[in-house]
Amino acid sequence: MRRIYTPDLIPGMITAEDVYNFNDQLIFPKGYKLTDKAITMLASYSIPFIKIEESSLASAKIPEPEKPSIKNSPSYLDTLSASPEFKQFKQDFEEHLDNFQSSINDMVEKNAPIDANQMLQGSMDILKDARGGFHVFDMLHNMRQFDDQTYAHCINVSLICNVFAGWLGWSEEDTKIVTMCGLLHDIGKLKIPDSIIRKPAKLTDEEYNVVKTHSLEGYKILVNSQVHDHVRNAALMHHERYDGSGYPLGLSGNKIDMFAQVVAIADVYDAMTSARIYRPALCPFKVVSLFEVEGLQKYEPKLILTFLENVVNTYLQNNVRLNNGVVGRIVMINKASLSRPIIQTDDAYIDLMYTPELHIEALV
């Protein structure tokens, strides 16, 4: 048998072993004769190579096309930024941000009633117009210019929760509820002084204790509002942790509302991948590695594993820069080490699972 890279496959070649996708589902069995359609399918699954029977190569001349340089090619994020889909997403996001900020301020400052349907519709409209060749996570990664820790963050979390619910197979109704949970989870921060929320330095212990009151303040704002109990609980419990190390109640395990647990993961992911006054945004794969270290203790195992396995797949085919300066493209995810995928460079394939001295420094 011989290992052949997917771009070099030609119809008529025969697989020398079973071919599986990233979810360990069989795509083609051993002995399958490849067609144009089959080769296209392999490419769509981002499978970098397969093993081929030597006998099927005898009458086939394997082409060696000149491959464009990954390093010098337009980056995925540049392509995304120029796309009509992203421009529409950005426009919808900014419109929703203005309306959401106005509604929330009226609610907190003037005790105005919550128009949950209107708020939810804004997020749903963004998601509707985001459909296309790019993923919502790609869109959000390109929307990090907002120096805001409340309004834009809440919209981000609502969108992430919506996608996350889809990965979990939740019903349409529950998906809408958890999207609303994301929108209102941090509403209590509007009760925290701006001098603390926007402080361009590390908070003192006293200031941090003030910030921690936002979950209880959010619950107080929502307790008499016409919203679902899960939305109130998400505001109260999104800083609780599965191992009991969170706040304000120190709840653990299934005592934490499941919707709040989903919001907790989305909240932390967005916070760490967004820039803050005191630090730049972290690379998504750095965030995934941090989740891998403590996630199974801090978060419900099924939830965190589902989130991480799916979120890394949204970054397939993105160009990345490694810590040694090499630029390459993510072509395969290692299920045993989600933060350390296989990278294709101009010269080679680098399996980060077996090169511990290297890691992804940034999406480019």
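Residues numbered from 1 in each chain as written. Predicted model: local features only at pLDDT ≥ 70, side-chain atom pairs only at ≥ 80, totals over all residues. Heavy atoms only, no water.

Peer 1: Residues and numbers for the confidence of the model for the protein, please.
Peer 2: Of the residues in the protein, 90% reach a pLDDT of 70 or more, and the chain-wide mean stands at 86. Of all helices and strands in the protein, the one with the weakest mean pLDDT is helix α2 (residues 76–81) (75), whereas helix α11 (residues 229–237) scores best (97). (pLDDT = per-residue confidence, 0-100. Helix = DSSP H or I, 4+ residues; strand = E, 2+ residues; numbered from the N terminus.)

Peer 1: Could you give an account of the pattern of salt bridges, with specific residues and numbers?
Peer 2: Considering all chains together, one arrives at 8 salt bridges under this definition. One salt bridge connects Glu94 with Lys90, and the closest N-O pair in it is separated by 2.8 Å. Here Glu94 pairs with Lys90, and both are found in helix α3 (residues 84–110), just 4 residues apart, close to one helical turn. Given a relative accessible area of 27%, Lys90 falls into the partly exposed group. Linking Lys220 and Glu217 is a salt bridge whose minimum nitrogen-to-oxygen distance equals 3.9 Å. Of the two residues, Lys220 and Glu217 are both situated in helix α10 (residues 214–222); the distance of 3 residues between them amounts to about one turn of the helix. Owing to a relative accessible area of 23%, Glu217 belongs among the partly exposed residues under this scheme. (Salt bridge = Lys/Arg side-chain N within 4 Å of Asp/Glu carboxyl O. Buried < 20%, exposed > 50% of the residue type's maximum accessible area, 1.4 Å probe, protein only.)

Peer 1: So what about the sheet that holds strand β8 (residues 349–351)? Which residues, and what values?
Peer 2: An order of β8-β7-β6-β5-β9 is seen for the 5 strands of this open sheet, with the pairing classed as antiparallel. The open sheet has two edge strands, β8 and β9 (360–363), and neither has a second partner. Ignoring which end each strand starts from, the neighbouring axes of this sheet average 40° apart. Relative to strand β6 (residues 327–332), strand β5 (residues 319–322) runs antiparallel, the two being bridged by 3 bridges. What sits directly across from Val320, in β6, is Gly328. (Pairing = 2+ DSSP bridges. Axes fitted to C-alpha atoms, helices over the stretch in contact; angles between N-to-C directions.)

Peer 1: I'd like a rundown of the packing of helix α12 (residues 258–273) against helix α13 (residues 284–298), residues and numbers included.
Peer 2: Running from N to C, α12 and α13 point in directions that differ by 135°, and their axes come no closer than 9 Å. In terms of their interaxial angle, α12 and α13 are classed as oblique. In this structure, α12 crosses over α13, and the sense of that crossing is right-handed. Of the residues in α13, those in contact with Ile265, Val268, Tyr269, Met272 and Thr273 of α12 are Pro284, Val287, Leu290 and Phe291. (Parallel < 35°, antiparallel > 145°, perpendicular 65-115°, else oblique. Left-handed = near helix turned anticlockwise from the far one by under 90°. Contact = heavy atoms within 4.5 Å.)

Peer 1: Which residues make up the nonpolar core, and what values do they have?
Peer 2: Counting residues in each nonpolar core, the largest one holds 84 residues, and the members touching the most others are Leu184 and Phe291. Discounting chain neighbours no more than four positions away, the residues touching Phe291 are Ile265, Val268, Tyr269, Met272, Leu296, Tyr299, Ile304 and Leu308. Ranked by size, the runner-up nonpolar core spans 15 residues in total, among them Ile10, Leu42, Ile47 and Leu57. (Core = buried A, V, L, I, M, F, W, Y, C linked by side-chain atoms within 4.5 Å.)

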